[in-house]
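Listed below, chain by chain, are the residues.
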Amino acid sequence: MAYTKKVIEHFENPKNIGSLDKNSLNVGTGLVGAPECGDVMKLQVEIDETTHIIKDAKFKTFGCGSAIASSSLATEWLKGKTIDQAMAIRNTDIVEELSLPPIKIHCSVLAEDAIKAAIGDYLKKNEAKKAGTEAVAVKA
Amino acid sequence: MQRHCAFCSQPLTGASAPHVCVSCGKPQPVHAAGPESGAESAQAAVRVAEAEDYFQAFGVSRKFEQDRKALEKRFYDLSRILHPDRFSSAAFGPEARRLSLERMSYLNQAWSTLKSPQLLRDYLLGLEGFDTSKPQGNAQIPMELAESWFELQDAVMEEPDTALARVQDFELGLRKLSLSNAAAILELEKSHDSQGGRDLLKELGEKIRSESYLRSLERDVERLKNTLMKTALMKKNSNIPGAKN
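Scoring rules and cut-offs
Residues numbered from 1 in each chain as written. Chains lettered and ligands numbered in written order. Predicted model: local features only at pLDDT ≥ 70, side-chain atom pairs only at ≥ 80, totals over all residues. Heavy atoms only, no water. Helix = DSSP H or I, 4+ residues; strand = E, 2+ residues; numbered from the N terminus. Buried < 20%, exposed > 50% of the residue type's maximum accessible area, 1.4 Å probe, protein only. Contact = heavy atoms within 4.5 Å. Areas by Shrake-Rupley, 256 points an atom, 1.4 Å probe, with all protein chains shown as cover. Polar contact = N/O pair within 3.5 Å; in protein donor to acceptor, adjacent residues only side chain to side chain. Buried area = accessible area lost by both parts, 1.4 Å probe. Salt bridge = Lys/Arg side-chain N within 4 Å of Asp/Glu carboxyl O. Axes fitted to C-alpha atoms, helices over the stretch in contact; angles between N-to-C directions. Parallel < 35°, antiparallel > 145°, perpendicular 65-115°, else oblique. Nonpolar A, V, L, I, M, F, W, Y, C, P; charged D, E, K, R; others polar. Pairing = 2+ DSSP bridges.

Participant: When you look at the overall build of chain A in this model, what are you seeing that I'm missing?
Facilitator: The helix and strand inventory of chain A stands at six helices and three strands. Residues counted as buried form 51% of the 140 residues belonging to chain A. Within chain A, contacts between residues separated by at least 24 positions form 63% of all contacts whose residues are at least 6 apart in sequence. When the accessible surface of chain A is summed, it comes to about 6400 Å², and 54% of that surface belongs to carbon and sulfur atoms.

Printed below as a string of structure tokens:
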């Protein structure tokens, strides 16, 4: 099965590769691994503490083209979204956008897990500071 | 010697006893009950037909540890009773042949599963509702391992000079983890067999998933190592003066 055009686009010209300062309170880091293939993905978000809007998102993925494309797409989608909106992103949205074949669906699951882990990390870091974010975490 | 119907397990009586069951009317396979004969063998055949799982088919308890010699003997005993070759003569109708085929193929599946410790383990866990074959996302892998695997690959890209040594270290670490994981699996199996308990099975399921993650990492590390060694070799060759000649 050949990769679709959109996958190749993201693979050859990935968006938002790199990393943010993981020690910063405004940055949430999610690192996830795929049990079936050994792919690992790190996704980071920088969140504005007053508006709860994602200002920046970066990723680094060691894995196949679909895993790289899924995380690249995820970071593109994340920018400008609120925490709630980001938590609402489903792996099926990624599958649809990239036309992933069934055998590559786990790559999109990995990207969704990475988003959740990154935002979870941000919320955990800030829960002591902001009582209000707990409600967000529960809703998600 | 009293023999029993291979289908309904009722005692075979009357002059024509060895060939047709008076209870259910079905013709009996020749030497149906095998060399040992008797009620025990006939019941064993019925047990295969009515078994809800492979353990029941073999009449053993649902445990990880099995006496495989005894299982093998039972497999051959049951095969002698159930095998379709026994039903090839015209005396048996198509129904008897169909049943024989069905039971024999179930018995074959059961045997090939129970004789392998790995397959038996997955099968038993599956029966108890702990499916180890379907990984569901990130929640089921050891996080620390995924993190160090990420860091390793990061380091390999950033510092190619020390890459090979790092990869070999990581590989060694993986092997140690595999060994301790395998030991933990055996220990959990033993505890389950002696005392039962779903908590143990749950933990076992997690260890098995760790094991399969370890295996996929081992495969990936091997690949990474080979790539690095090839690159190192090419570099070395290109440094030899006059190598181009």
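Participant: I tried to follow the environment of Gln66(B) on my own but got confused; where do I start?
Facilitator: All names here are of chain B. Within the element layout of this structure, Gln66 appears in the loop between helix H2 (54-58) and helix H3 (68-82). Sequence spacing of Gln66 and Asp193 is 127 residues, and the spatial spacing of their C-alpha atoms is 10.0 Å. With sequence-adjacent residues up to four places away left out, Gln66 is seen in contact with Phe55, Val60, Ser61, Leu71 and Leu120. At a separation of 3.1 Å, a polar atom in the side chain of Gln66 contacts the main-chain carbonyl oxygen of Ser61.

Participant: Hey, could you run me through the interface of chain A and chain B in this one?
Facilitator: Put simply, an interface is often sized by how much accessible area is lost when its parts join up. Tallying the contact residues gives 15 residues for chain A and 18 residues for chain B. Across the chain A/chain B interface, buried area totals approximately 1400 Å², and carbon plus sulfur atoms make up 64% of it. On the chain A side of the interface with chain B, the three residues burying the most area are Leu31(A), Pro35(A) and Phe62(A), jointly 43% of the side's total. Between chain A and chain B we count two salt bridges in total. Linking Asp154(B) and Lys60(A) is a salt bridge whose minimum nitrogen-to-oxygen distance equals 2.6 Å. Counting across the interface, chain A meets chain B through two residue pairs in polar contact (both at pLDDT 80 or more). Broken down by secondary-structure element, the contributors of at least two residues to the side of chain A that touches chain B are strand E1 (27-33), strand E2 (40-47), strand E3 (54-62) and helix H5 (105-126) of chain A.

Participant: Just to check I follow, could you spell out the packing of helix H2 (residues 65-78) of chain A against helix H4 (residues 91-98) of chain A for this structure?
Facilitator: The packing of two helices is summarised by the inter-axis angle and the distance between the axes. Residues and elements named next belong to chain A. Interaxial distance between H2 and H4 falls to 10 Å at its minimum, and their mutual angle equals 110°. One finds that H2 runs roughly perpendicular with respect to H4. Contacts from Ala69, Ser70, Leu73 and Trp77 in H2 reach Asp93, Ile94, Glu97 and Leu98 in H4. Class assignment of the residues belonging to the contact of H2 with H4 gives a composition of five nonpolar, one polar and two charged.

Participant: Even after reading the chapter, I still don't get the pairing of E2(A), so can you show me in this structure?
Facilitator: The side chains of a regular strand alternate between both faces of the sheet. All names here are of chain A. Among the eight residues in E2, seven count as buried, and that is most of the element. Taken together, the seven bridges between E1 and E2 define a ladder with antiparallel strand orientation. Looking at the pairing, Val27 lines up with Glu46 of E2. With antiparallel pairing between neighbouring strands as the criterion, E1 and E2 make up a hairpin whose turn holds six residues, including Gly38 at a positive phi of roughly 80°.

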